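# Results of the structural survey
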Amino acid sequence: KAGVTQTPRYLIKTRGQQVTLSCSPISGHRSVSWYQQTPGQGLQFLFEYFSETQRNKGNFPGRFSGRQFSNSRSEMNVSTLELGDSALYLCASSFGRASYEQYFGPGTRLTVT
Amino acid sequence: SQQGEEDPQALSIQEGENATMNCSYKTSINNLQWYRQNSGRGLVHLILIRSNEREKHSGRLRVTLDTSKKSSSLLITASRAADTASYFCATDVRDDKIIFGKGTRLHILP
């Protein structure tokens, strides 16, 4: 069974731009969660989608948004990028709730200059 | 403030020794999970322990949970070089958000 895939793996953007990251979950998994990982703040929960509905949201500004498609694939969008948005963005999928075992993708390394 | 905090922040031990790391959390949980992250394999799920369980084993891993003290420990026995990684606890709080700690960096010395 193929694992969680994320594209692109690396991205360099300029302040003020926007970016869209993509995540394809494991086949059959309906929950997709997004996390931001930085050396200072560690792993922080962004949001969780289940069956195309946002089920939960972390404490991030509205510049961070996401969506899930009918095939469970998910996208995350960050608008008006700031230097502090530089991070590793991880996507995880699980069969049911995000509180069950999650399978993580390799991440997208975003650098904002 | 962090819901889950691992202790110690970093740990170096000789290969073959046991490694113990702890996680403390603040609010009631449904379950607690441990994950490992290294550069080669990314973030990998190790074990999940439910709030009504006290101990769980998986291979060389032993996890305990003390809900009265709001703490958990992860024991890795007979450590190997491949165990070098960062270890995170993740708690599922009552509103179903998953909160990760900042991790313990484990280094296995040859």
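Residue positions are given per chain, counted from 1 along the sequence in the order it is written. Chains carry letters from A onward and ligands carry numbers from 1 onward, assigned in written order. Totals for whole chains, interfaces and linings use all residues, but because this is a predicted model, local features are given only for residues with pLDDT of at least 70 and pairs of side-chain atoms are given and counted only at 80 or more. As a convention, hydrogens and water are excluded, and side-chain values are obtained from all of the structure's heavy atoms.

In this text, helices come from DSSP runs of H or I with a minimum length of four residues, and strands from runs of E with a minimum of two, each type numbered from the N-terminal end. Looking only at helices and strands, chain A features zero helices and eleven strands. Shown N-terminal to C-terminal, the secondary structure of chain A runs as helices and strands in the order β-β-β-β-β-β-β-β-β-β-β. Here the C-alpha radius of gyration of chain A, 13 Å, is about what a compact globule of 113 residues would show, namely 13 Å. Seen along its three principal axes, the alpha-carbon backbone of chain A occupies a region of about 35 × 25 × 25 Å. Buried residues are those whose accessible area, probed at 1.4 Å on protein chains only, stays under 20% of the maximum for their type, while exposed residues exceed 50% and partly exposed ones sit between those limits. Taken over 113 residues, chain A has a buried fraction of 51%. In this description, contact between two residues means that some pair of their heavy atoms is separated by no more than 4.5 Å. Taking the intrachain contacts of chain A between residues at least 6 apart in sequence as the baseline, contacts between residues at least 24 apart amount to 55%. The globule rule used for comparison is 2.2 Å times the number of residues to the exponent 0.38, while the radius of gyration itself is calculated over C-alpha atoms.

All names here are of chain A. A pair of strands is labelled paired if DSSP reports no fewer than 2 bridges between them. As summarised here, the arrangement of the four strands in space is β1-β3-β8-β7, forming an open sheet in which the pairing is antiparallel. In the strand order of this sheet, the two ends are held by β1 (5-7) and β7 (64-68), each with one partner. Averaged over all pairs of adjacent strands, the angle between strand axes in this sheet comes to 20°, irrespective of strand direction. Of the pairings in the sheet, the one linking strand β3 (residues 19-24) to strand β8 (residues 74-78) comprises five bridges and is antiparallel in character. In the strand pairing of β8, L21 is matched with M76. Angles here are taken between N-to-C directions and fall from 0 to 180 degrees, while the axes themselves are lines fitted to C-alpha atoms, restricted in helices to the stretch in contact.

To continue, consider the packing of aromatic side chains. Ring pairs are drawn from Phe, Tyr and Trp, using the six-membered ring of Trp, whenever the two centres fall within 6.5 Å, and their geometry is named by plane angle: stacked under 30 degrees, edge-to-face over 60, tilted for the rest. Counted according to the given criterion, the structure contains eight aromatic pairs over all chains. Each ring, one from Y35(A) and one from F104(A), has its centre 5.5 Å from the other, and the planes form 40°; the classification is tilted. Here Y35(A) is found in strand β4 (residues 31-38), whereas its partner F104(A) is found in strand β10 (residues 103-104), with 69 residues between them in sequence. As far as the burial class goes, Y35(A) and F104(A) line up, both buried. With a centroid separation of 5.7 Å and an interplanar angle of 70°, the aromatic rings of F47(A) and Y49(A) are classed as edge-to-face. One exposure class covers both F47(A) and Y49(A), and it is buried. Three or more aromatic residues link up through ring pairs in this structure, and these residues are Y35(A), F45(A), F104(A), Y35(B) and F100(B). Seen from the ring of F50(A), R55(A) lies directly overhead, with NZ or CZ sitting 4.2 Å from the centre. Two conditions define a charge located above a ring, namely a distance within 6 Å from the ring centre to NZ of Lys or CZ of Arg, and an angle within 35 degrees of the ring normal.

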